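# Structure at a glance
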Amino acid sequence: MNRALAFLIAAMIGMVGIVSAVPVEPHSPITIARGVGYSYTLSWRGLPGYTYFIQTSLNAAPDSWKYAPVIEFGVGDPLNGHVWGFSSTEPRVFVRLRYTDAPVTGGDPDSADFDGDGISNLDEVVLHGTDPLLIEDTDGDGLTDKQEVLAGTHPFVVDLPQITIQYRWRHGDAWSTGGTTYRIGTDSDGQHTALYSFSSSTFNPVTEAPAAMSPARAFTALQWKNWSPPQELIAHVHSCLAPNFFTNTGGISVIQGSATADCTELQVRLLSSRAVPFPITRKFLQLQRKKINNDPMTYEPLETPSAPVETLTIPANGTVSPAFHRQLPSWTGLAAAPQAFRKEIVLVPIEAAPDVLQVNSDFDEGRIEAATSYALPDCDDPDRRLGAERDHLHGRWATGTKVVEDLHQGWFGLRPYMMPVDFYSGATITITKVKQTDPATGAPESGQVRFYATGVLNSSGYQGIEAYDHAAPGAGQTTHAAVNLVTGGIFAAPGRSVYGSTSDILSTSAFWMEGVKPGKITLRWRIQKGSLDASYTQSFLVATQKSALEWYKEVQYQILLQTKVATGTAVNIDLYHHQNGFNTGAASNVNYVRQLYYYYRQLYKQMPEKFMWAGMAKVAAGPIFAGMSDLTKWLEFQTALVPQGATGGIKTFINDLLLDGQKQIFYDMAWTHRAYMASGLWAIEHVVAKAGDRITNLDAWELIDAGIRVSDTAQINQGNGELLRREQKDVVQKNYNILKTTRLKQPYAIGNAWFGSITVAVGADGLADAGQWLSANSNKNPLNPVAPYTPTFQATVPGGRLDTYEDRWAWTSNPTNGMLEMWLGTSTAGPNFDATKRLFHTSQTMFDAAKPYVYDEHELPRE
C-alpha cells in the first residue's frame, strides 16, 4: 500500500522552556519557538506528496493525543516551510506531527479520505474528533466510525444492537400475530432508547373479533442481544401490559407479558443506565391526564401549584436512571371498574435548543446569486431548500443531496408525534420569536432560526416549517407573528400542519434547526387548549464558532465556487506562492492576485460604507498591480545584478514585498471579514477567546460593529482605520523590513526613461539601498487616480523611508491629504472620495484600476 505513516515528536513546551526533538529526516528541521507571553510557533519543512496533521497532548499518554483543526500539504519549499502558531497556559504541552504520503485527489487534503471510511479528513479532525488515518471503532460498540456517522449515531457513545418485538392478540380462540425489529437509537441526552407503540386496531381485524367472543387479550415478547462493554439495561413496559417473566440466556434477554382486558394501546421503552461524563439536563412539560371509563383521555392544567416545566438534571459521573425518562404515560390510581376515575401526572419531554446554534452560512449547497454572481450562503436561500444545487467541489456530495451537516438535529418544544393525534384537536400550538433587547448590545435581539423535517409525507424528502415570520427589518415588519402549527405551518404546502390530523410528520421523521441570522434569540413554544395554557421559553445564541483557519477555508471555497461557475475554471488561492512571481510562467500569481483584490471588492459591495478597509484595499491595489507589471517588465528588460552576499534584487520587490505582503494581508484580513459577515462580532470574539488577542484587532471590530448597529459613520470609519493601522504595522512591516538589508542595481539610463524611475546614490559596490530607492520612486499616490497622482511619499514625509512604519503611516493618515482621509472623505486638501466615487473605483477591473499608474498599459495583464 502506497502509504507511509509516522509520528514526529516535536517538542514539549511549558513554563520551564522548550525541549527540542531529535530531527527526523526528511522532514526536519522541526522547531518550536516561544513568542510573547504564552504564544508558541511550531514550524517544519513539508515535502511534496506528504500531508501533515498536528496533535497535542497534556501528558503524552497513548490515548490522550488530540488532533488540531489544521491539515497541511507539503510544498517542498526549504526556505518557506509550514508554520503553526498556538498558545497555552498549561505547565506543559506536548506537540507532534503525524504525516502520510497517501495520494491526495484534486490536491485538497481536507476533502480527501485517507482511511476510506466515508468521512473527509477535515470532518474527522474538526467535527468528529476521530482518526483520519485509521478505520476505527472509537467507542468499541462494534460499529465503525463511518457506520455511526452514516447512521446518525455518535462515534463516542456505545450504541445498542437491534431489538425484536413480537406480539399476539387474541379474540376468544382467534389469534393475530405480528412483530417488528427496531434499531435502538440515541436520545439527545446520549442515552439509548427503543420505543415501540401500537394499538389494538393495528392488528385486530373485525372479522376476528365477533361480539360473542371473550374480551381481547395480548401476549407480547421483547427480545434483544446484550452488548459489550456491559451496561445495565432497563425495560419499561407501559400502559396495560403486565410482565409475566424475564429471562437472560446466552446473551439474549427476553421479557414476556400479557395485556389486560381493556388494553387499547401498548408502549414499550428500553433504557440503558450508565454513568454520564458530563451533566445532563432535560425539561418536561407537566400535564394532568384523567380518564373516566372508556372516555377519551383529556389533559388539563395541574391542580397543584407546580411549575408547568420541570427540570431534571443528572450530575457529571452520575447514573442515568429510569426516573429520568418519565416521558411516557403510565396509569396509576384505581383498578378498572365501572365509572372508575383515573388520573396521573404526565411528564412530556420538551426539547431545548442548543446553547449556541451555528449559522448555516457556508456554501455547501453551491448556490450562486444571479444578480451578483456571488456565492449564496446556504441560510440565505429564500426557498428553504436543503438540496445541493451542484456537485460539491471537494466531492463531499452530489447535486440534489440533502445537506444538513451544518444544521442542529432536534426540535424546539414538544416533539410533534409524542402525543396522540386527537390530543391536538382544538389546540393552538405556536413557536414565537419573543421581542427582547440583548443586554450586551442594547439592541433588539437579532438571531433568526428556521425549522425543517425530513422523512415526511407529501414531499420530496423534506419540508420547511414556518414557525414565525422572517420579515426584513422595517416599520411594521418585525412582528415575528407565529403560525398555528396545528392548522398550518408547512412551508409552501397549504392545508398541511406539524401537529394534529393534517400533519405530515411521521414517528420516523427527523427535525432540524437552522441558524439563519446571528445574535441572541428568545423562542417560546406554547400550547393553548381550553383551560390548558402552558409554554416553554428559552434564550440562546445563534452564532458560528469556528477557528480562523476554518473561516479562511470557507473564503477559499467561496472563491473556488464563484470562479468555477463564472469561468469554468476554479481558482484555488491556496496555490498562491509568492516565489512564483507576478506574471512570468505558467505558475505565476497574477490570477491569484486578481482574486484577492476581487474578494475585497466583493466584501465592500456586499457591505458598502461599512467594510471600508476592504474597499480601500481594492482601490489602493491599482498602483500596486501596475507596479508589479512594470517591475516584471524591468526583469525582462534587464537582469538585476545580485552580488554574492546580497539578500536579493528586484525580485525582492515583487516576490517578498508585494506578493508575499499581499498574501499575508489576505490571510490576516479575509477571515475576519468573512466571519463578521456570516456571524457578526460573536464569531470574531470566539476566535480571539480561543487563539488570543494577537490574531486580530478586536477593538477595531467592536468599533465597526457598534457603528453599524447605530449607523454611526465616525465609529465605522475609526474601526476601519484601525484595521488599516494593523495591516501596516503588524502584518506587512516584516515584508518591508526585508528591504533594509537589500541592495539592487538600478535601471540603466534607457530603463529610467522607460519606467520613469528616479536614480538614487549608490555605494562602493555600485548598488543602491532598496528601501531608499523605493521611497524615492513612490511618486504616485494610490488614492489619487488622477494625474499628477500627488502627493508623493517624500513630498509628505521629506527624507522619510517607506520601509519604516512610522513614515509610511504619516503618509497614509496625513489629515491634509492622507490616503485614509481621502478615502473616507475627510481630508482638508486632497481630492476626497464620496460614496458614489468609492463604489465606482471599487467596482473597477484590475486592468482599468491599474491603467492610470502603469507606464505602458499594453504591458498590463488582461482579464
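In this text the structure is predicted, and so the values were computed from the model without any measurement.

## Remarks on the overall build of the chain
Looking only at helices and strands, one finds 16 helices and 34 strands in the chain. Going through the 863 residues of the chain one by one, you find that 52% of them count as buried. For the chain, contacts bridging at least 24 residues in sequence account for 64% of all contacts bridging at least 6. Just so you have it, the chain exposes about 37600 Å², and 54% of that area is on carbon and sulfur atoms.

## Some remarks on the pairing of strand β32 (residues 532-542)
Two faces, one strand: in a regular strand the side chains alternate between the faces of the sheet. Of the strand pairs in this sheet, strand β22 (residues 356-357) and β32 are connected by two bridges, and their pairing is parallel. Residue L357 lies in a different strand from β32, and its bridge partner there is V542. Relative to β32, strand β31 (residues 519-529) runs antiparallel, the two being bridged by eleven bridges. Its bridge partner lying in β32, I527 is registered against A534. Count of turn residues in the β31/β32 antiparallel hairpin: two residues, of which G530 carries a positive phi of about 60 degrees.

## Structural notes on the sheet that holds strand β3 (residues 30-34)
The strand order across the open sheet formed by three strands is β3-β4-β7, and the pairing between neighbours is antiparallel. Edge positions in the sheet fall to β3 and β7 (82-87), since each has one partner strand and no second. For this sheet, the mean inter-axis angle between neighbouring strands, taken without regard to orientation, is 20 degrees. Of the strand pairs in this sheet, strand β4 (residues 39-44) and β7 are connected by six bridges, and their pairing is antiparallel. When the sheet's bridge partners are listed, L42 is paired in β7 with W84.

## A few points about the layout of surface pockets
Of the voids in this model, the second largest pocket is the one considered here, and its volume is about 1500 Å³. Around the second largest pocket, the lining is made up of 49 residues, and of these S446, K517, P518, W682 and I708 lie nearest the centre. Those elements that provide at least two residues to the lining of the second largest pocket are β27 (443-444), β30 (510-517), β31, α6 (650-691) and α7 (698-710). The greatest single-element share of the lining of the second largest pocket, amounting to eight residues, is contributed by α6. Class assignment for the residues of the lining of the second largest pocket results in 23 nonpolar, twelve polar and 14 charged.

## Overview of the side chain of R415
With respect to the element layout, R415 can be found in the loop between β24 (413-414) and β25 (428-433). Engagement of the side chain of R415 in a polar contact is seen with the side chain of E351, the distance being 2.4 Å. Those residues in contact with R415 that sit more than four places away from it in its chain are E351, G410, Y424, Y499, S509 and F511.

## Things to note about the nonpolar core
Looking at soluble globular proteins, one finds that nonpolar side chains tend to be buried together. Among the nonpolar cores identified, the biggest contains 92 residues, and Y600, W613, F653, F666, L783 and W823 are the most heavily contacted of them. Of the residues forming this core, the biggest block, 19 residues, is contributed by α6. Discounting chain neighbours no more than four positions away, the residues touching L783 are M616, V619, A620, M819, M822, W823, F833 and Y853.

## A few points about the sheet that holds β30
One open sheet accounts for four strands, arranged β23-β30-β28-β29; its pairing is antiparallel. The open sheet terminates on both sides in strands that have one partner only, identified here as β23 (408-409) and β29 (462-465). Alignment of strand β28 (residues 448-454) against β29, held across four bridges, turns out to be antiparallel. Bridging across to β29, T454 finds its partner in Y462.

## Focus on helix α3 (residues 548-567)
If you check α3, its first and last C-alpha atoms are 29 Å apart, about what 20 residues at 1.5 Å a residue would give, namely 28 Å. Of all 20 residues that make up α3, 15 are buried, and the element is covered over most of its length. Phi turns positive, to about 90 degrees, at G568, one or two residues after α3.

Cut-off values and rules
- Residues numbered from 1 in each chain as written.
- Predicted model: local features only at pLDDT ≥ 70, side-chain atom pairs only at ≥ 80, totals over all residues.
- Heavy atoms only, no water.
- Helix = DSSP H or I, 4+ residues; strand = E, 2+ residues; numbered from the N terminus.
- Buried < 20%, exposed > 50% of the residue type's maximum accessible area, 1.4 Å probe, protein only.
- Contact = heavy atoms within 4.5 Å.
- Areas by Shrake-Rupley, 256 points an atom, 1.4 Å probe, with all protein chains shown as cover.
- Pairing = 2+ DSSP bridges.
- Axes fitted to C-alpha atoms, helices over the stretch in contact; angles between N-to-C directions.
- 1 Å grid on protein atoms, 1.4 Å probe; cavity = no way out; pocket = protein on both sides within 12 Å on 5 of 7 lines; lining within 4 Å.
- Points joined across faces, edges and corners; volume = space filled by probe spheres on them.
- Nonpolar A, V, L, I, M, F, W, Y, C, P; charged D, E, K, R; others polar.
- Polar contact = N/O pair within 3.5 Å; in protein donor to acceptor, adjacent residues only side chain to side chain.
- Core = buried A, V, L, I, M, F, W, Y, C linked by side-chain atoms within 4.5 Å.
- Expected span 1.5 Å × (residues − 1).

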